[in-house]
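# Examination of the molecular architecture
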Amino acid sequence: YNNLKGPTVPWGYKQSQENRYVLEPINEQLDALAQAEQYLKQSTYSEVARWLTEYTGRKISSMGLWKRMKKDKADRRRDAQQKRFTAAIQVEGNA
């Protein structure tokens, strides 16, 4: 995330003080979110959302966590497809 695209600031980010449309990462929350992804393999979204809220002090609901994980997974998939496409174009250009 780089820019605010709606009324809600994504979990793990805060609005910049200089420009309210620019997002700044909160590293502690993003690191906890990465840990949460691993915890989800063994726990429910409700349990992990409760842990994230207690650990970071910023509220996230189980549905909010589910949406965030779904979006992050889609973003990673899109980025991987873009890299494969770029690599294929470069190979064709060198052939």
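Use the structure listed above.
The following paragraphs examine the structure supplied in this document. (Residues numbered from 1 in each chain as written. Predicted model: local features only at pLDDT ≥ 70, side-chain atom pairs only at ≥ 80, totals over all residues. Heavy atoms only, no water.)

Core analysis: the biggest nonpolar cluster contains 11 residues, these being W11, A32, L33, A36, L40, V48, A49, L52, I60, L65 and M69. Secondary structure elements with two or more residues in this core: α1 (27-39), α2 (45-56) and α3 (62-94). When residues no more than four places from it in sequence are discounted, the contact partners of L52 are W11, A32, L33, A36, G57, R58, I60 and L65. (Core = buried A, V, L, I, M, F, W, Y, C linked by side-chain atoms within 4.5 Å. Buried < 20%, exposed > 50% of the residue type's maximum accessible area, 1.4 Å probe, protein only. Helix = DSSP H or I, 4+ residues; strand = E, 2+ residues; numbered from the N terminus. Contact = heavy atoms within 4.5 Å.)

Each α-helix turn comprises 3.6 residues. Residues three or four places apart therefore point the same way. Spanning 12 residues, α2 covers 16 Å between terminal C-alpha atoms, matching the ideal 16 Å at 1.5 Å per step. Listing the buried residues of α2 in full gives V48, A49, L52 and T56. Taken around the axis of α2, the buried residues stretch over an arc of 100°, which confines them to a single face. Just downstream of α2, G57 is the residue with a positive phi angle, here 85°. (Expected span 1.5 Å × (residues − 1). Arc of directions from axis to C-beta.)

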